[in-house]
Amino acid sequence: MTASTAPPSSAPLLAIRGLSKAFLGVQALDGVDFTLRHGEIHALLGENGAGKSTLIKTLTGVYQRDGGTVALEGREIAPRGVEEAQRLHIGTVYQEVNLLPNLSVAENLFLGRQPMRWGLVDRGAMRRRARAILMPYGLSIDVTAPLGRFSVATQQIIAIARAVDMSAKVLILDEPTASLDAQEVAVLFKVMRTLRSRGIGIVFVTHFLDQVYEVCDRITVLRNGRLVGERRTAELPRLDLVAMMLGRELEAAAHRIDLGPAELDSRPPLASFKAFGKSRSVEPFDLDIRPGEVVALAGLLGSGRTETVRLVFGMDRADQGEATVDGRKVRLKGPRDAVRLGFGFCPEDRKKEGIVGELSVRENIILALQARQGWLKPIPRRRQEEIADRFIRLLDIRTPDAERPIQLLSGGNQQKALLARWLATEPRLLILDEPTRGIDVGAHAEIIRLIERLCADGMALLVVSSELEEIVAYSRRVVVLRDRRHVAELRGGEVSVERIVAAIASESKSGEVRQ
Amino acid sequence: MTSALQRFLPLIVTTAVLVVGFLLCAAQFPNFASWRVVGNLLTDNAFLGITAVGMTFVILSGGIDLSVGAVIGFTTVLLAVLIEHGGWHPLAAFAVALIAAGGFGAAMGGVIHVFQMPPFIVTLAGMFIARGLGFVLTTDSVPINHPLYGELNDIALRFGAGGKLSLPAMLMLGVVVAAVVLAHWTRFGANLYALGGNRQSAELMGVPVGRTTVAVYALSGLLAGLAGIVFSLYTGAGYSLAATGVELDTITAVVIGGTQLTGGYGYVVGTFVGVLIQGLIQTYITFDGTLSSWWTKIAIGVLLFVFILLQKGLLTVWAGRGGEPAEA
């Protein structure tokens, strides 16, 4: 269960002492110690901006440290690049899958270390070995197909298989489970335990505390670039862990929000969709959204949640059904139409569809508001700064100032800036796709509180989330999707994790619950 | 099986266009379907084919090389000046030209990588520089009369009735075969595709990004230099205005051949077929005799447009179908 394998030498596998790193005056890491033993799974935890990513990137040679020592099995190392880190047997799987969608699965597994014969790549051997490598992971796929053809979960497992196969002694998993479903997580944990029994040290970064307690031997917590402490998992109660991470006592479990008066139901819907759908995307659905309510979309990966919100926001064009806003029929030909109607959308993949990395925090926040005003009427600089500063304060976006390029911020803070972008336009309907993905516990709670406050102000929210507890905490109505179909709608007192799970799992039959 | 079919579909379509086009030409002109026409098609387009192979690699890696036409022009001038004015042996001049062209490409690659500059701008600058350097050497068209040129032009494999595979054609076929091997059976080739797929991911996976970038532009320059040699053999002269606009013809061949301009997807063989399609259109217009040669450009323009639409269409269809749900 715990690290029982005897270490081959007295020196720990990896010993980091007094590690420091600063960026443009921000001290990202300040004298951090971290010890990884042979054959242990060690959770590296902390809020956004705690320094986890920086620590990992320093280990893997992406960044060079400013101070401190890193020793691998007693030998001082300072990798200058990913390649060198790989040669030192430090393998990494990043938060976003960092493989190449255009190459085949086999080529991804063997990039840079292809089996050679007579000076040429032995493609036959590469295919055979690729299949053999993936076998223990329960993946029996066409290894010659481009990687992009497979789901994110499959790609993630392939990334792990690659790192493991490169005979890593130290395996760093940076939020590998963020896109996996429960079954895939189980497969991953099995693999992690096997690797542990072979003496490999695994650094596991995650936001799921359940997973920490399920699989980790030890926990190291960072906060604001400093070490808070290292504990054995078995000796650290969960509440203490959260307190360590947040540096404050967290309020007790999330409370159910007041469901609001029944008159809410009698209010005319803000937006109403009738038999709205798009072939090959999501089947026609009916959906009413009233002012001041949170409607959540729940379902498994690929069930059509994201597709639904893309239709609602006009990012994809519906090919059937109709949409009405304020009782008037409207056409949603593109996001511009949606924005004009007072819709806002925070996408799930903030890197690809949300933030503009090179622009400053201020420019990112102002973007949607400016777009709605039209580019011919620029918002005065003074006003822009006011708005940006207000939201930075309001949402507690951690940045030294509003002029910093947003890509330098941590994931959670980017997410908050995105939220600010749409809040600045004072939308009537705000769509949030996985608002809390890849965000730490503290920011989680803040975003949930924010959602509740927004509703109280009369804004309508359409939220896609995989976190069922969260959905239950803030939703007045939950639409459950399965296989690209809206299969059930729960409201008020019916909303509970059990009911949602039951709806997702229920037998597929036509003409199902739609109240 | 179907996934393999999907991957090769652009290539299959391109090849089908070539075959159908050839059959149509053959139906209209009785003399068309002859080894002689095929041999000429290869010879006339040899320099274009060689250049286009280099361009394919650059585009696969996510870049572009606008300097190739100018490098060809410069090479022909350099050869003419060295051989005719300098009295060099052509082989020595060839070696110098290849080194100069390859080095020029490597320098552009270095600038692109070190300063993180857009390849479009860097190679645009390279285009002006190369073209200008040619004019500095001489503004005249200099005929090359060295006996070796005659001998090299006489080398040919004869086959069929009147068909012959000239030295330029052999060089092009050799380059294409070597390029296919390079693309699919070497680490360099895999690195190119990786770079074109996603530069950052490639770097994180340990692809030597800098070395690969420099190498791919060096290779493109080298092949443009080789194309320059072939061009000077073909025309028997060096002229600084030679091969104007060839960079655009090669890009066209690459795109018609099914390679995506954004990089990461495509095949060298497709480019070869793309070059032949362009050559076929030109040959048709020569055979017809009444059409203005500008019809070549119009036909190629229409074809290019159709192919881009086709690619877009295919991508949309795949995205809509997708083997597995792609929601993240």
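- Under an unreviewed UniProt entry, chain B has the name Monosaccharide ABC transporter membrane protein, CUT2 family and belongs to Azospirillum oryzae.
- The Subcellular location (unreviewed entry) field of the UniProt record for chain B holds the comment "Cell membrane".

- As named in an unreviewed UniProt entry, chain A is Monosaccharide ABC transporter ATP-binding protein, CUT2 family, taken from Azospirillum oryzae.
- Quoted verbatim from the Subcellular location (unreviewed entry) field of the UniProt record, the comment on chain A reads "Cell membrane".

**Remarks on the sheet that holds strand E1 (residues 14–23) of chain A**
Pairing between sheet strands relies on hydrogen bonds along the backbone, with the strands arranged either parallel or antiparallel.
Residues and elements named next belong to chain A.
Argument step 1. Read across the sheet, four strands follow the order E2-E1-E4-E5 without closing on themselves; strand pairing throughout is antiparallel. For this open sheet the edge positions go to strand E2 (26–36) and strand E5 (75–76), each flanked by a neighbour on one side alone.
Argument step 2. Sheet analysis places strand E4 (residues 67–72) next to E5, joined by two bridges and oriented antiparallel. By the bridge assignment, Ala71 is partnered in E5 with Glu76.
Argument step 3. Here helix H1 (residues 52–59) sits on the sheet and contacts E1, E2 and E4; the angle it forms with E1, its principal contact strand, is near 115°.

**With respect to helix H15 (residues 411–423) of chain A**
Residues and elements named next belong to chain A.
Argument step 1. Its 13 residues place the ends of H15 18 Å apart at the C-alpha level, agreeing with the 18 Å of an ideal helix rising 1.5 Å per residue.
Argument step 2. Burial analysis of H15 places twelve of its 13 residues in the buried class, the great majority of the element.
Argument step 3. Three or more residues of H15 are buried, namely Gly412, Asn413, Gln414, Gln415, Lys416, Ala417, Leu418, Leu419, Ala420, Arg421, Trp422 and Leu423.

**Side note on the environment of A:Gly357**
Residues and elements named next belong to chain A.
Argument step 1. Note on placement: Gly357 falls in the loop between helix H12 (350–354) and helix H13 (361–373).
Argument step 2. Taking C-alpha positions, Gly357 is 6.4 Å from Pro405, a pair spaced 48 residues apart along the chain.
Argument step 3. Ignoring sequence-local partners within four residues, the contact set of Gly357 consists of Pro405, Ile406 and Gln407.

**As for the sheet that holds strand E6 (residues 90–93) of chain A**
Residues and elements named next belong to chain A.
Argument step 1. Pairing in this open sheet of six strands is mixed, and the strands run E6-E9-E10-E3-E11-E12 from one edge to the other. Every other strand in the sheet has two partners, leaving E6 and strand E12 (226–232) as the edge strands with one partner each. With strand direction ignored, the average angle separating the axes of adjacent strands in the sheet is 20°.
Argument step 2. Note: strand E9 (residues 170–174) against strand E10 (residues 201–205), five bridges, orientation parallel. Counterpart to Val170 in the pairing with E10 is Gly201.
Argument step 3. Contacts between H1 and the sheet are confined to strand E3 (41–45), E6, E9, E10 and strand E11 (218–223), with E3 contributing the most and set at about 130° to the helix.
Argument step 4. Contacting E3, E9 and E10, helix H6 (residues 182–197) runs over the sheet at an angle of about 145° to E10.

**Section: the packing of helix H5 (residues 90–114) of chain B against helix H6 (residues 119–137) of chain B**
Residue and element names in this part refer to chain B.
Argument step 1. Where H5 meets H6, the axes come as close as 9 Å, and the angle between the chain directions of the two elements is 145°. Of the two possible hands of crossing, H5 and H6 adopt the one that is right-handed. Together, Phe104, Met108, Val111 and Ile112 of H5 and Pro119, Val122, Thr123, Gly126, Ile129 and Ala130 of H6 make up the contact between the two elements.
Argument step 2. Residues of the contact of H5 with H6, tallied by class, amount to eight nonpolar, two polar and no charged.

**Topic: the pattern of salt bridges**
Residue and element names in this part refer to chain A.
Argument step 1. Under the definition given, this model contains 28 salt bridges over all chains.
Argument step 2. For Glu230, the salt bridge identified is with Arg37, shortest N-O distance 3.4 Å. Here the residue Glu230 occupies a position in strand E12, and Arg37 occupies one in the loop between E2 and E3, the gap between them amounting to 193 residues.
Argument step 3. Judged by its relative accessible area of 28%, Arg37 is partly exposed.
Argument step 4. For Arg65, the salt bridge identified is with Glu76, shortest N-O distance 3.2 Å. Residue Arg65 is located in the loop between H1 and E4, and its partner Glu76 is located in strand E5; the two are separated by eleven residues in the primary sequence.
Argument step 5. Accessibility expressed as a relative area gives 46% for Glu76, which makes it partly exposed.
Argument step 6. What you see here is one network of salt bridges that share partners, running through Glu293, Arg476, Arg477, Glu489 and Arg491.

**Things to note about the interface of chain B and chain A**
Argument step 1. On the chain A side, the residues contacting the 31 residues of chain B number 42 residues.
Argument step 2. Around 3,100 Å² of area is buried between chain B and chain A when both sides are counted, 54% of it from carbon and sulfur atoms.
Argument step 3. Here chain B is connected to chain A by zero salt bridges.
Argument step 4. Applying the counting criterion to the chain B and chain A interface returns six residue pairs in polar contact (both at pLDDT 80 or more).
Argument step 5. Among the secondary structure elements, those contributing two or more residues to the side of chain B that touches chain A are helix H1 (2–28), helix H8 (167–185), helix H9 (187–197), helix H10 (199–204) and helix H14 (294–321) of chain B.
Argument step 6. Its residues assigned to classes, the side of chain B that touches chain A shows twelve nonpolar, 13 polar and six charged.

**So, a nonpolar patch on the surface**
Argument step 1. On the surface, B:Leu291, B:Trp295, B:Ile298, B:Val302 and B:Val306 cluster together into a nonpolar patch covering about 440 Å² of accessible area.
Argument step 2. As for its position among the elements, B:Val302 is in helix H14.

**Things to note about the packing of H5(B) against helix H11 (residues 209–235) of chain B**
Residues and elements named next belong to chain B.
Argument step 1. Where H5 contacts H11, the axes come no closer than 7 Å and their chain directions differ by 145°. Crossing geometry of H5 relative to H11 is assigned as right-handed. Only Val209, Gly210, Thr213, Val214, Tyr217, Ala218, Gly221, Leu222, Gly225, Leu226 and Ile229 of H11 make contact with H5, whose side of the interface consists of Phe94, Leu98, Ala101, Gly102, Gly105, Ala106, Gly109, Gly110, Ile112 and His113.
Argument step 2. Residue composition of the contact of H5 with H11, grouped by class: twelve nonpolar, nine polar and no charged.

**Some points on the UniProt feature "transmembrane region" (unreviewed entry) in chain B**
Argument step 1. With numbering aligned to this structure, UniProt lists the feature "transmembrane region" (unreviewed entry) at residues 7–29, 49–82, 94–115, 121–144, 165–185, 214–234, 265–285 and 291–310 of chain B.
Argument step 2. With 71% helix and 8% strand, residues 121–144 of chain B has its two end C-alpha atoms placed 34 Å apart.

**With respect to the packing of aromatic side chains**
Argument step 1. For the structure on display, the rule yields 13 aromatic pairs over all chains.
Argument step 2. Judged by centre distance (6.1 Å) and plane angle (85°), the ring pair of A:Phe189 and A:Phe204 falls under edge-to-face. Here A:Phe189, found in helix H6, pairs with A:Phe204, found in strand E10; they are 15 residues apart in sequence, far enough to count as distant.
Argument step 3. Residues B:Phe47 and B:Phe231 carry aromatic rings whose centres are separated by 4.7 Å and whose planes lie at 65° to one another, so their mutual orientation is edge-to-face. Here the residue B:Phe47 occupies a position in helix H3 (residues 46–60), and B:Phe231 occupies one in helix H11, the gap between them amounting to 184 residues. The pair B:Phe47 / B:Phe231 is uniform in exposure class, with both members buried.
Argument step 4. Joined through ring pairs, the aromatic side chains of B:Phe22, B:Phe29, B:Phe32, B:Tyr284 and B:Phe287 make up one cluster.
Argument step 5. Lying across the ring of B:Trp185, A:Arg123 places its NZ or CZ 5.6 Å from the centre.
Argument step 6. Here the basic side chain of A:Arg390 rests over the ring of A:Phe391, its NZ or CZ set 4.8 Å away from the ring centre.

Procedures and definitions
- Residues numbered from 1 in each chain as written.
- Chains lettered and ligands numbered in written order.
- Predicted model: local features only at pLDDT ≥ 70, side-chain atom pairs only at ≥ 80, totals over all residues.
- Heavy atoms only, no water.
- UniProt positions renumbered as here; feature names shortened; annotations may be inferred.
- Pairing = 2+ DSSP bridges.
- Helix = DSSP H or I, 4+ residues; strand = E, 2+ residues; numbered from the N terminus.
- Contact = heavy atoms within 4.5 Å.
- Axes fitted to C-alpha atoms, helices over the stretch in contact; angles between N-to-C directions.
- Expected span 1.5 Å × (residues − 1).
- Buried < 20%, exposed > 50% of the residue type's maximum accessible area, 1.4 Å probe, protein only.
- Left-handed = near helix turned anticlockwise from the far one by under 90°.
- Nonpolar A, V, L, I, M, F, W, Y, C, P; charged D, E, K, R; others polar.
- Salt bridge = Lys/Arg side-chain N within 4 Å of Asp/Glu carboxyl O.
- Buried area = accessible area lost by both parts, 1.4 Å probe.
- Polar contact = N/O pair within 3.5 Å; in protein donor to acceptor, adjacent residues only side chain to side chain.
- Patch = residues over 30% accessible without salt bridge, like charges linked within 9 Å, V, L, I, M, F, W, Y side chains within 5 Å.
- Areas by Shrake-Rupley, 256 points an atom, 1.4 Å probe, with all protein chains shown as cover.
- Phe/Tyr/Trp six-rings, centres within 6.5 Å; stacked < 30°, edge-to-face > 60°.
- Lys NZ or Arg CZ within 6 Å of the ring centre and 35° of its normal.

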